[in-house]
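The chain contents come next:
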Amino acid sequence: MKPITKKEMKEAFAQIGLRAGTVVMVHTSLSAIGYVCGGAQTVIEALTETVGPEGTIMMPTQSWKNLDPEDGVHWTVAEEDWQIIRNNWPAYDKRITPTNTMGAVAEMFRSWPGVIRSDHPARSVAAWGKNAEYLVSNHNLSNIFGDGSPIGKLYELDGSVLLIGVGYDKNTSLHLADVRASYPGKHNCIEHSAIMENGNRIWKAYETLFVDGEDFQEIGTAFEKEYEVKTGMLGGATLRLMRQRDLVDYAVGWIEKNRQ
C-alpha cells in the first residue's frame, strides 16, 4: 500500500473544509486510513498544523474499564472475582491512565505536548489549542456528556466534528443529544470508578445518565439526508466533517420521535 504522507493528509483535511482556527472534536481509526508514514504522530501533526494555535483539537480519551464489573466492562472475569477489581483497580491519573479502545491516535494524543486531559475517571477527553483548558475543565463525575461537559462546551463554541474512518457509533457528540432529549426509557444509573480523594484511593459511586448509543449509526444516516456533511477520502478512510450544533439539534428531535 502506498504510504500516506502528512502533506497528503493536510490536503485532504483542507478539501473538506478544516481550516485554521477550527474548534473540532476528532474521532479516528488509524488502521482505516492504511499505511500512514509516521503513524499516529503524523495524524496529530497534520491536525494541529491545519487548525493552528488559534484552533483547538479535542479527542475522546476514555478509560471505561475503570467502571464496575457489573456494567459488563470486565467480561473475562468471573462474577465471584469482581470484588478483586473493585478493591484493586488503579485510581485514575490523567497523566498516565491509558485509553481503552480509543485508537492509537487518541492514545498518543493524551500525552502530546500542550495537551490537557479532563478529570473524569472513565469518560475523559483531551484537548490541544486555544480553547483546550476551557473545554476540559470541571468535567463533573455525574455530568459526563451534558451541558457544561466538554461536549456541551464544544456546542457553546459552535465547534465541528471530524470522523476519520469511523462511523456515527463513535460520535461522542450524539450523547449530548441523548442528555437533552426526552423519551420514555431515559433513566439514570449508578456507576463506580477508582479515584483519588483526599489522598486516598477509593471506589467512588456516582449517579449519571445511562449511556445509550445503539441507534447512533441510524441517527447519522438520517442526519446526512438532511444536513451538509463534507466528505472526502484519506487513504482507505472516509472523512466526515460536520457542524456539531446541526448534529446535536437534529439528533434531539430524532431521539424524541423514535426512541422508546
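Residues numbered from 1 in each chain as written. Predicted model: local features only at pLDDT ≥ 70, side-chain atom pairs only at ≥ 80, totals over all residues. Heavy atoms only, no water.

**Student:** Quick question: what am I supposed to make of the sheet that holds strand β4 (residues 125-129) here?
**Tutor:** Hydrogen bonds along the backbone pair up the strands of a sheet, which may run parallel or antiparallel. In space, the 7 strands of this open sheet follow the order β3-β4-β2-β1-β5-β9-β8, with mixed pairing throughout. Both edges of this open sheet fall to β3 (116-117) and β8 (230-234), since each of them pairs with a single strand only. Here strand β1 (residues 23-28) pairs with strand β2 (residues 56-60) via 3 bridges, running parallel. Of the residues in β2, the one forming a bridge with Met25 is Met58. This element, helix α1 (residues 6-15), spans β5 (160-164), β8 and β9 (237-243) of the sheet and lies at about 165° to β8. (Pairing = 2+ DSSP bridges. Helix = DSSP H or I, 4+ residues; strand = E, 2+ residues; numbered from the N terminus. Contact = heavy atoms within 4.5 Å. Axes fitted to C-alpha atoms, helices over the stretch in contact; angles between N-to-C directions.)

**Student:** Can you walk me through helix α9 (residues 216-226) in this structure?
**Tutor:** Each turn of an α-helix holds 3.6 residues, which means side chains three or four residues apart point in the same direction. Those residues of α9 lying buried are Phe216, Ile219, Gly220, Ala222 and Phe223. Buried residues along α9 sit in contact with α8 (174-180), β9 and α10 (244-258). (Buried < 20%, exposed > 50% of the residue type's maximum accessible area, 1.4 Å probe, protein only.)

**Student:** Got a minute to help me understand the packing of α9 against α10 in this structure?
**Tutor:** A packed helix pair is summarised by two numbers, namely the angle formed by the two axes and the spacing between the axes. Between α9 and α10, whose axes approach to 10 Å, the crossing angle comes to 115°. When the axes of α9 and α10 are compared, the crossing they make is right-handed. Facing Glu218, Ile219, Ala222, Phe223 and Glu226 of α9, the residues of α10 in contact are Asp246, Leu247, Tyr250, Ala251, Trp254 and Ile255. Class assignment of the residues belonging to the contact of α9 with α10 gives a composition of 8 nonpolar, no polar and 3 charged. (Left-handed = near helix turned anticlockwise from the far one by under 90°. Nonpolar A, V, L, I, M, F, W, Y, C, P; charged D, E, K, R; others polar.)

**Student:** How should the side chain of Asn66 be read in this particular structure?
**Tutor:** Note on placement: Asn66 falls in the loop between β2 and α4 (82-88). Judged by relative accessible area, Asn66 falls into the buried class, the value being 2%. Apart from the residues within four sequence positions on either side, Asn66 is in contact with Trp89, Pro90, Tyr92, Pro121, Ala122, His192, Ser193, Ala194 and Trp203.

**Student:** Explain the pairing of β4 here, please?
**Tutor:** The side chains of a regular strand alternate, residue by residue, between the two faces of the sheet. Burial analysis of β4 places 4 of its 5 residues in the buried class, the great majority of the element. Of the strand pairs in this sheet, β3 and β4 are connected by 2 bridges, and their pairing is antiparallel. Within β4, the position partnered with Ile116 by the bridge is Ala127.

**Student:** Got a minute to help me understand the pairing of β9 in this structure?
**Tutor:** Inspection of the sheet shows β5 paired to β9 by 5 bridges, in the antiparallel sense. Bridged to Leu162 within β9 is Leu241. Pairing of β8 with β9, which is carried by 5 bridges, proceeds in the antiparallel orientation. By the bridge assignment, Lys230 is partnered in β9 with Leu241.

**Student:** For this particular structure, what's the right way to read the packing of α1 against helix α3 (residues 39-51)?
**Tutor:** Closest axis-to-axis distance for the α1/α3 pair is 9 Å, and the angle between their directions is 45°. Comparing their axes, α3 and α1 come out oblique. Here α1 runs over α3; the crossing is right-handed. From α1, Lys6, Met9, Lys10 and Phe13 reach across to α3, where they touch Thr42, Val43, Glu45, Ala46, Leu47, Glu49 and Thr50. (Parallel < 35°, antiparallel > 145°, perpendicular 65-115°, else oblique.)

**Student:** In this structure, what is going on with α10? I would like to understand it.
**Tutor:** Helix length check: α10 (15 residues) gives 21 Å between terminal C-alpha atoms against 21 Å at 1.5 Å per residue, within 8%. Tucked inside the fold, the buried residues of α10 contact α7 (150-156), β5, α8, α9 and β9. (Expected span 1.5 Å × (residues − 1).)

**Student:** Would you take a moment to explain the environment of Ile44 for this structure?
**Tutor:** Mapped onto the fold, Ile44 is located in helix α3. Taking the C-alpha atoms as reference points, Ile44 and Asn66, separated by 22 residues in sequence, lie 26 Å from one another. For Ile44, the contacting residues outside a window of four places in its chain are Val105, Met108, Phe109 and Trp112.

**Student:** Sorry, what's going on with the nonpolar core here?
**Tutor:** Generally speaking, nonpolar side chains in soluble globular proteins are found buried as a group. In terms of nonpolar packing, the biggest core is built from 38 residues, with Phe13, Ile33, Leu47, Ile57, Leu162, Ile164 and Leu234 touching the most fellow members. With 6 residues, α3 is the largest single contributor of residues to this core. In contact with Ile164, not counting residues within four places along its chain, are Phe13, Val26, His27, Thr28, Ser29, Ile33, Leu234, Ala237, Thr238 and Leu239. Residues Met25, Leu163, Val166 and Leu247 belong to the second largest nonpolar core, which totals 35 residues. (Core = buried A, V, L, I, M, F, W, Y, C linked by side-chain atoms within 4.5 Å.)

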